[in-house]
Amino acid sequence: MKIEVLGTGCAKCKTLYENTKKAVEESGTAAEVLKVEDIPSIMRYGVMSTPALVIDGQVKFSGKVASVVEIMGLLS
Amino acid sequence: MLKTFADYFAFQVIGLDAKSRLGEAVDFFVYDTVKIFLLLTTIVYVVAVIRSYFSPERTRRILSHNREYIGNVLAALLGIVTPFCSCSAVPLFIGFVESGIPLGVTFSFLISSPMVNEVALIMLWGLFGWKIALTYVGSGVVVAILAGMAIGRLHMERYVQDYVWEMKVGAAEIQEQSFREKHQYASGYTKELLKKIWPYVVVGIGLGAFIHGYAPEDLLVRYAGRENPLAVQLAVLIGVPLYSNAAGIVPVVQALMGKGLPIGTVLAFMMAVTALSFPEAVILKNVLKTRLLATFFGIVAAAIIIVGYMFNTFL
């Protein structure tokens, strides 16, 4: 599984990245978590409000910081 | 009921004299703080639920069907309810212009979104009453519409950074949320927002209470009062580079009005602080060439000054 956290580097984006890593760890999912910061890659997903979470190329949500529990729900 | 609670707290629990300056200031502080936080919690939650229906992606879809004029009006109104964070200004800008939304319409949105929102409305309503709150929202929307139209008329598309036009924007398929998810989002958002702004609110109201209890006639009036014909320009000039959210600026505005400054001057100051700022210029430099960036700041500042003078004259 490939998880991407999209964000231009603001505080919220960092929080989402941390939460995502924690969710992957706690659920024991085999996934790599990447942080995507460059604008062209973010725009390719059509995301206009950061941070956003992309799992296997599919945008799950944008413009919010999800909690660890919420992200674990998306992983299973 | 709130007033009874504040009186009880200040005069019975702490035991201050109701006629003393300190007693009056503490009474005022308790009353305002409780009132503002009650308003913030309920209204921010309600607005967050409404907001979850207006994602920037959906706003883009609505606006891309509308051309100039109607588009400017819609963009300024949608700016009130669409969630916006200055850190997503760049992806938002690119997403808008790439989907064919005219430049001027995009700017109407970019101006109204940070300037007019529920926090500004609540803070002004709580501290000044609903008339001034609605006046601010109304004039903020007017500034966003007019400034956006003016920028659109100038046809400055070539002063957008070139790479913006070459960017490929995908169509995001964002799943529709259930009401339970909307509730989760809204309560999370409310908590997050309150956590972020409560220090501003408390310090600001404290300042207001202090002035309410102690402030003497002030010399600010001599320099920025009704008699100085350049007061509004001065207020906007000072406000433009500064950055604060509405929660931080409203108590300062209240303090200034308490010192006798006219309403147009202080509302213009507040608009300049929230709509334009140095950090925002740095972010927008990523998508705008200097000439368009300067034009944007110039036109918005001019629109704010005009609105400020109109209030000073007619209110």
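Residues numbered from 1 in each chain as written. Chains lettered and ligands numbered in written order. Predicted model: local features only at pLDDT ≥ 70, side-chain atom pairs only at ≥ 80, totals over all residues. Heavy atoms only, no water.

Draft legend 1. Representation of the packing of helix α1 (residues 11-27) of chain A against helix α3 (residues 68-75) of chain A within the structure. Residue and element names in this part refer to chain A. It is at 8 Å that the axes of α1 and α3 come closest, and there the two elements cross at 55°. One way to sum up the angle between α1 and α3 is to call them oblique. Note on packing geometry: the crossing formed by α1 with α3 is right-handed. Where α1 approaches α3, its residues Leu-16, Asn-19, Thr-20, Lys-22, Ala-23, Val-24, Glu-26 and Ser-27 are matched on the opposing element by Val-68, Ile-71, Met-72 and Leu-75. Residue classes in the contact of α1 with α3 are distributed as 7 nonpolar, 3 polar and 2 charged. (Axes fitted to C-alpha atoms, helices over the stretch in contact; angles between N-to-C directions. Helix = DSSP H or I, 4+ residues; strand = E, 2+ residues; numbered from the N terminus. Parallel < 35°, antiparallel > 145°, perpendicular 65-115°, else oblique. Left-handed = near helix turned anticlockwise from the far one by under 90°. Contact = heavy atoms within 4.5 Å. Nonpolar A, V, L, I, M, F, W, Y, C, P; charged D, E, K, R; others polar.)

Draft legend 2. Examining the pattern of salt bridges more closely. If you walk through the whole model with that rule in mind, you get 5 salt bridges over all chains. Across the pair Lys35(A) and Glu37(A) runs a salt bridge whose closest N-O atoms are separated by 2.8 Å. Taking the shortest distance from any N to any O, the salt bridge between Arg153(B) and Glu68(B) comes out at 3.2 Å. Note that Arg153(B) is positioned in helix α8 (residues 130-153) and Glu68(B) in the loop between α3 (56-63) and α4 (70-81), a separation of 85 residues in sequence. Taking the relative accessible area as the measure of exposure, Arg153(B) reaches 43% and is therefore partly exposed. Given a relative accessible area of 24%, Glu68(B) falls into the partly exposed group. (Salt bridge = Lys/Arg side-chain N within 4 Å of Asp/Glu carboxyl O. Buried < 20%, exposed > 50% of the residue type's maximum accessible area, 1.4 Å probe, protein only.)

Draft legend 3. View of the interface of chain B and chain A. Residue-level contacts link 24 residues of chain B with 18 residues of chain A. Here chain B meets chain A over a buried area of about 1800 Å², counting both sides, of which 61% is carbon and sulfur. The interface formed by chain B and chain A holds 0 salt bridges in total. Inspection of the chain B/chain A interface yields 0 residue pairs in polar contact (both at pLDDT 80 or more). Those elements giving two or more residues to the side of chain B that touches chain A turn out to be α3, α5 (89-98) and α10 (179-214) of chain B. At 6 residues, α5(B) tops the list of elements feeding residues into the side of chain B that touches chain A. (Buried area = accessible area lost by both parts, 1.4 Å probe. Polar contact = N/O pair within 3.5 Å; in protein donor to acceptor, adjacent residues only side chain to side chain.)

Draft legend 4. Geometry of the environment of Ala301(B). All names here are of chain B. By the element assignment, Ala-301 lies in helix α16 (residues 290-314). By relative accessible area, Ala-301 is classed as buried at 15%. Taking the C-alpha atoms as reference points, Ala-301 and Gln-184, 117 residues apart in sequence, are found 38 Å from one another. Ignoring anything within four residues of it in the chain, the contact list for Ala-301 reads Val-236 and Leu-276.

Draft legend 5. Molecular detail of the packing of aromatic side chains. Residues and elements named next belong to chain B. All chains considered together, the criterion is met by 5 aromatic pairs over all chains. Geometrically, the ring pair formed by Phe-96 and Phe-109 is tilted, given 5.1 Å between the ring centres and 50° between the ring planes. With Phe-96 in helix α5 and Phe-109 in helix α6 (residues 103-115), this residue pair connects regions lying 13 residues apart in the sequence. For Phe-96, a relative accessible area of 0% gives the class buried. A ring pair is formed by Phe-107 and Phe-296, whose centres lie 4.8 Å apart and whose planes are at 35°; its orientation type is tilted. Taken together, the positions of Phe-107 in helix α6 and Phe-296 in helix α16 put the pair 189 residues apart, joining distant regions of the chain. What makes Phe-107 buried here is its relative accessible area of 0%. Of the residues examined, Phe-296 reaches a relative accessible area of 1% and is grouped as buried. Pairwise contacts between aromatic rings join Phe-93, Phe-107, Phe-296 and Phe-297 into one cluster. (Phe/Tyr/Trp six-rings, centres within 6.5 Å; stacked < 30°, edge-to-face > 60°.)

Draft legend 6. Seen up close, the UniProt feature "active site" (unreviewed entry) in chain A. All names here are of chain A. The UniProt feature table records "active site" (unreviewed entry) at Cys-10 and Cys-13. With respect to the secondary-structure elements, Cys-10 resides in the loop between β1 (2-6) and α1. For Cys-10, a relative accessible area of 13% translates into the label buried. Mapped onto the elements, Cys-13 comes out in helix α1. Setting aside chain neighbours within four positions, we find Cys-13 in contact with Val-5, Gly-7, Thr-8, Lys-35, Thr-50 and Pro-51. (UniProt positions renumbered as here; feature names shortened; annotations may be inferred.)

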